[in-house]
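# Survey of secondary and tertiary structure
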Amino acid sequence: MRHRHLSTLTLALGFAVLLDVLRVWLPSVITLFGRAAETPAELLGAFALGWFLLALAAPTLVRRVGAAPVGLAAAGVLAVARLALTAQPGGPAQLWLACAGLFAGLVWLAAVAASVPRPVAGLALGLAGNAVGHALLGTEDLVWRGGVLAWSLSALLVLAFLAASAAVRRERAAAPVRGDAARTAAPAADAADGHAGRRVPTPGRRAWLLCGPALLLAGQVALAPALWSAAAGTGSPDFPGLVRPGNGALPGALAVLLFLAAALFRAPARVARVLWPLALLAGSVLFVIGLLVPAYLLTAAGLGGCLALTDTTDDGPAVADGRGAAEPRAAATDERGADGGRAGARRGRAAVLGMLVFAVATVAYYAAYDLGYPNGWAPVATAVLVALVAATAPLRPGPTPSGAASAGPALPATVRVAALAGLTALAGLAAALHVPPAQARATTTPAAVRVAAYNIRMGFGLDGRLDVDAVARELRGADVVLLSEVDRGWWLNGGHDTLALVAGRLGMPYVFAPAADPVWGDAVLSRFPMRSGQTRRLTAHGAPTGAQALGVTLDLGGRELAVVATHLQPPPGRDPVEQAGEVAAFAGRYANGRPLVLGGDLNTEPDDPAFAEFTRSGLVDALAAARPLRTSPADDPRTQIDHVFVSPGLTATEVRAPRTEASDHLPVTLTVTLP
């Protein structure tokens, strides 16, 4: 017996599986193919976009072979790739497995689009479901975890997707009469359309065109659990402008609620086509200027509403049916059964083009950090595209084409309410599962403090794997940790809150300061209470990536210690001497006579002018006794670019740079004895 909503379930499961693969593919392109900016940005972009351009041939393949066999085969490859990535292969194997999974996913989308004119419910549930799962896992996906739990849940997801795909295939095979009739009628419809000199609109093409842009805006802004977490605790009185540990899951649950409510329940059409596009545009602009909480809430509501506006099988006005009556254009389409035809190929092409928009906007946004151009236009332009497509959609849904066997009616209200309530509740549950470490109370004054400075490359090791455990192992035992290249939701890295993951493993509260953008920068973790803080944005001086200096005051049980964390960004081919001078001056003012520890990835060697800026300001090289202390690259250290300085009177001992490939840098650890 045919289940009315099986195609919606299949699309939701498949889109969730594809998102899992994308969360591996995106950082693999950067860390493995790009090799941490060693590969030119233009070549990296060409490699990334090439897979999406290659997928433009998929609609033609679907039309010639049939949507059902192509879709089932692509689903199988996608599922196998997703499951194989759970083995955490790392290195080239990880990159090419992810590429195979991505390409199979794009072909699968083209095949599904050929026979599903109304994909909005499935797309919305897939996006929201994957985001909620990401939140429940603390933003560390199953593919990076391994172990029995990861394998069991991954296998369950993949098997459910394959079972649903096979069931849809059996349903189509069980309805040959309907499909044959549609195929017989198709040439006549094509001829009539050609005789009229008009192109028949394709049902569902608008919705499929938005699948890629919606994926970008959801993953980068609206349904990004790491962004929910990073937005919490911003601008508290004693840490103005800084982000402290906070509970971001509850506002995140509200984002899920707004998105699903807008996507699954239609607002009055004439109001919706103004309200939702405006909300989406406002959210994207607020994201660019750094107002994260209103940004993701408005984007969630606007994105869901814009998807709902395209939830129609009628892409154009009514046309005469030859008897003087008007009927929706969808009824006159050239559908050729469940296996597609011209309309199916057009929908498939729209789906792949939408994913190409996703790829172009993603690459354009993040390439700016290597090439140095403004990138705020990328999410805003994507939001403008979604708003225009939605605002010009027909006001009312048309009938489902008779040949679209698996189009399915809209989900019943009870199913929509259950999905909305269940996913919202699960998003809220993440708040209880992932509580940030609390500040310790000041006790006796320690005689010495163990300090570590580490550029963690967003948690990705040289093998391209996200390995938070490996990072935490290198930092365990430290009292104060200064981190560089901290990621709190970069979609290009898979959307993880690496800082919260590391802090949770260490049981240390943290303070974060944005540098390149609101979710990428530097952090200080401490076992001692953090009483106050200040951040200063550094002048770029021609460098493409932004930088800052973060000062935090620690309470050592009656004494205070000033700590400054930074990551200097040199202009192309130059030493970051100007930024070094800015940081040294900021640190002196911030310490104001208190003992001071300053460190991070300074991108300068001991004999360079930038290094001399710190010693000229009166600071002492805490690593001097252990030099040469090479820290980069991690697999063959040749340069000394990670440093720690202290104020006169502090003594540094037990200096080490332990060998590890948990990042492309080595950590620097030392014990600082207080006077």
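You'll find the structure just up there.
Described below are features of the structure shown in this document. Here the residue numbers are simple positions, counted from 1 along each chain's written sequence. A pLDDT threshold of at least 70 governs which residues receive local features in this predicted model, and a stricter bar of 80 or more applies before side-chain atom pairs are shown or counted, although totals over entire chains, interfaces and linings include all residues. Side-chain measures were taken over the full set of non-hydrogen atoms in the model, leaving aside hydrogen atoms and water.

### A short note on the nonpolar core
We apply this condition: Residues belong to one nonpolar core when they are buried, are Ala, Val, Leu, Ile, Met, Phe, Trp, Tyr or Cys, and are joined through side-chain atoms within 4.5 Å. Throughout this description, buried means an accessible area under 20% of the type-specific maximum (1.4 Å probe, protein chains only), exposed means over 50%, and partly exposed covers the range between. Strands here mean DSSP runs of E at least two residues long; helices mean DSSP runs of H or I at least four residues long; both are numbered from the N terminus. Residues count as neighbours in contact if any of their non-hydrogen atoms are within 4.5 Å of one another.
Within the largest apolar cluster, 158 residues are counted, with the highest numbers of intra-cluster contacts made by W25, W208, F259, L260, L483 and L525. Top contributing element to this core by residue count: helix α1 (residues 6-33), with 15 residues. The contact partners of W208, leaving out residues within four places of it in the chain, are L11, L109, V112, A113, V116, P119, R347, A350 and A351. Counting 30 residues, the second largest nonpolar core, distinct from the first, contains M530, L629, V644 and A657.

### Considering the pattern of salt bridges
For the record, the criterion: Counted as salt bridges are all cases of a side-chain nitrogen of Lys or Arg within 4 Å of a carboxyl oxygen of Asp or Glu.
Throughout the structure, instances matching the rule amount to 16 salt bridges. A salt bridge links R118 to D311, with the shortest nitrogen-to-oxygen separation between them at 3.3 Å. With R118 in the loop between α5 (91-113) and α6 (120-136) and D311 in the loop between α15 (292-309) and β3 (319-320), this residue pair connects regions lying 193 residues apart in the sequence. R638 serves as the salt-bridge partner of D636, at 3.0 Å between the closest nitrogen and oxygen. With a relative accessible area of 41%, D636 lands in the partly exposed category. Classification of R638 as exposed rests on a relative accessible area of 52%. Several salt bridges converge on common partners, so that one network encompasses E140, R145, D469 and R505.

### Quick word on the packing of helix α21 (residues 577-591) against helix α22 (residues 609-616)
Here is the rule: Here, axes are lines fitted to C-alpha atoms. For helices the fit covers the stretch in contact, and angles between N-to-C directions go from 0 to 180 degrees. Angle categories: roughly parallel below 35 degrees, roughly antiparallel above 145, roughly perpendicular from 65 to 115, and oblique for all the rest. It is the rotation of the near helix from the far one that decides the hand of a crossing: anticlockwise by less than a right angle makes it left-handed, clockwise makes it right-handed. Amino acids outside the nonpolar list (Ala, Val, Leu, Ile, Met, Phe, Trp, Tyr, Cys, Pro) and the charged list (Asp, Glu, Lys, Arg) are all regarded as polar, and Gly is one of them.
The contact between α21 and α22 brings their axes to 8 Å, and the two run at 15 degrees. It follows that α21 is roughly parallel to α22 by the angle criterion. Along this stretch, α21 crosses α22, giving a crossing that reads as right-handed. On α22, the residues touching V577, A580, G581, V583 and A584 of α21 are P609, A610, E613 and F614. Looking at the contact of α21 with α22 residue by residue, the class counts come to seven nonpolar, one polar and one charged.

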